[in-house]
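# Topology and contacts: notes
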Amino acid sequence: MSAATAPAPSGTRDPQAPILLRSDADGVATLTLNRPQARNALSMVLMDALQIELDAIRADPTVRVVVLRGAGPAFCAGHDLKEMRADPSRAATEAVFRSCARLMLSLTHLPQPVIARVHGIATAAGCQLVATCDLAICTDAARFATPGVQIGLFCSTPMVALSRAVSRKAALEMLLVGEPIDAAEALRIGLVNRVVPEAELDEAVGALAARIAGKARRVLAIGKEAFGRQIEMGLEEAYTYTADVMVRNMMMADAQEGIDAFLGKRPPRWEP
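The paragraphs below set out a description of the structure included in this document.

Cut-offs applied
- Residues numbered from 1 in each chain as written.
- Predicted model: local features only at pLDDT ≥ 70, side-chain atom pairs only at ≥ 80, totals over all residues.
- Heavy atoms only, no water.
- Helix = DSSP H or I, 4+ residues; strand = E, 2+ residues; numbered from the N terminus.
- Rg over C-alpha atoms; globule rule 2.2 N^0.38 Å.
- Buried < 20%, exposed > 50% of the residue type's maximum accessible area, 1.4 Å probe, protein only.
- Areas by Shrake-Rupley, 256 points an atom, 1.4 Å probe, with all protein chains shown as cover.
- Salt bridge = Lys/Arg side-chain N within 4 Å of Asp/Glu carboxyl O.
- Core = buried A, V, L, I, M, F, W, Y, C linked by side-chain atoms within 4.5 Å.
- Contact = heavy atoms within 4.5 Å.
- Pairing = 2+ DSSP bridges.
- Axes fitted to C-alpha atoms, helices over the stretch in contact; angles between N-to-C directions.

Counting its secondary structure elements, the protein chain contains 11 helices and nine strands. Against the globule reference of 19 Å for 272 residues, the protein chain gives a C-alpha radius of gyration of 19 Å, in line with a compact fold. Expressed along its principal axes, the backbone C-alpha trace of the protein chain runs to roughly 60 × 45 × 35 Å. Split into buried and exposed, the 272 residues of the protein chain put 45% on the buried side. Accessible surface for the protein chain amounts to roughly 14000 Å². Of this, 59% is attributable to carbon and sulfur atoms.

What follows deals with the pattern of salt bridges. Going through the model one piece at a time under the given rule, you end up with 15 salt bridges. Two residues, Asp60 and Arg22, come together in a salt bridge whose shortest N-O distance is 3.2 Å. Placement of the pair is Asp60 in the loop between α1 (44-58) and β3 (65-70) and Arg22 in strand β1 (residues 20-25), with a sequence separation of 38 residues. The exposure class of Arg22 is partly exposed, given its relative accessible area of 29%. Across the pair Arg90 and Glu94 runs a salt bridge, and its minimum N-O distance is 3.1 Å. Taken together, the residues Arg90 and Glu94, both in helix α3 (residues 90-109) and four residues apart, mark about one turn of the helix.

Among the nonpolar cores identified, the biggest contains 53 residues, and Leu68, Phe75, Val118, Leu129, Val130, Phe144 and Leu191 are the most heavily contacted of them. Excluding residues that lie within four positions of it along the chain, Val130 makes contacts with Phe75, Ala116, Val118, Ala122, Ala136, Phe144, Leu191 and Val192. One finds Val28, Ile137, Val196 and Ala213 within the second-largest nonpolar core, a separate group that totals 14 residues.

Reading across the sheet, the three strands line up as β5-β7-β8 and stay open at both edges, with mixed pairing between neighbours. Every interior strand has two partners, whereas the edge strands, β5 (121-123) and β8 (181-182), have only one. Judged from the three bridges that link them, β5 and strand β7 (residues 143-145) form a sheet pairing that is parallel. Bridging across to β7, Ile121 finds its partner in Arg143. Relative to the sheet, helix α4 (residues 125-132) contacts β5 and β7, its axis offset from that of β5 by approximately 95 degrees.

Right, let's talk about the environment of Leu172 for a bit. The residue Leu172 is located in helix α6 (residues 168-177) in this model. The partly exposed category is assigned to Leu172, whose relative accessible area is 30%.

Note on placement: Cys127 falls in helix α4. Accessibility expressed as a relative area gives 1% for Cys127, which makes it buried. Along the primary structure Cys127 and Thr32 are separated by 95 residues, whereas in three dimensions their C-alpha atoms are 16 Å apart. Sequence-distant contacts of Cys127, defined by excluding residues within four places in its chain, comprise Ala122, Phe144, Ala145, Thr146, Leu162, Met174 and Leu191.

Let us look at unusual backbone geometry. For Asn40, which is not a glycine, the phi torsion comes out positive at approximately 55 degrees. Take Asn40: it is sitting in the loop between β2 (28-33) and α1. Residue classification places Asn40 among the buried positions, given a relative accessible area of 0%. Even without a glycine there, the phi angle at Ala124 is positive, about 50 degrees.

Below, the structure written as structure tokens:
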């Protein structure tokens, strides 16, 4: 069974089960948030577990693609507000948002592309996760929101990823109104790449992951890094930078192999 098609755990979690699950197959590492009873809210323990796995995946040459998913009825309901209210001190609150910022930056800078597999709700920091991932596929019943304004806590950190994933006005409407948008609207504004029926979600995610995993690992890494850097630059600076990236890429063995394979009308043999 492939990592992308493994069944999601049930809606209740065995207390002895890991809070984060990982499975690997065919170059795809699947990370499953495993707090279904809490709608996979990002507790400190869960964020720490995700950080550990992302750090390990960064150094794992066998992983070409990462799939991020949630167990049970939801993708992710954001930060664990019960945990935050249990210790409302400034130090504890700062620790939560430092961990979250580090996690989102790790996803952004991970050499491997990350696909969000979204079902149910993705709210607040859960919506931030979707916006941070490189690609996202959701079910037609998925819902997305940055609802902090409704409880007196503006979604300022989710805003960072959201405002870089969708248009300015679309992001501001979500942030200022705080109400959920449906899958069709998420697709329209560019928060997700594709919307599929729930029964087809695993197949769609698995197919996309497999198509990416078939590409050269180092080329995926150089391309993802270049995309993230150039998009923050001015036009002339971006062309200067990406021209240098193209030169460095052209000198790589994978580029030479890929071009030779194309010209020779044969499948390429990428370096491991």
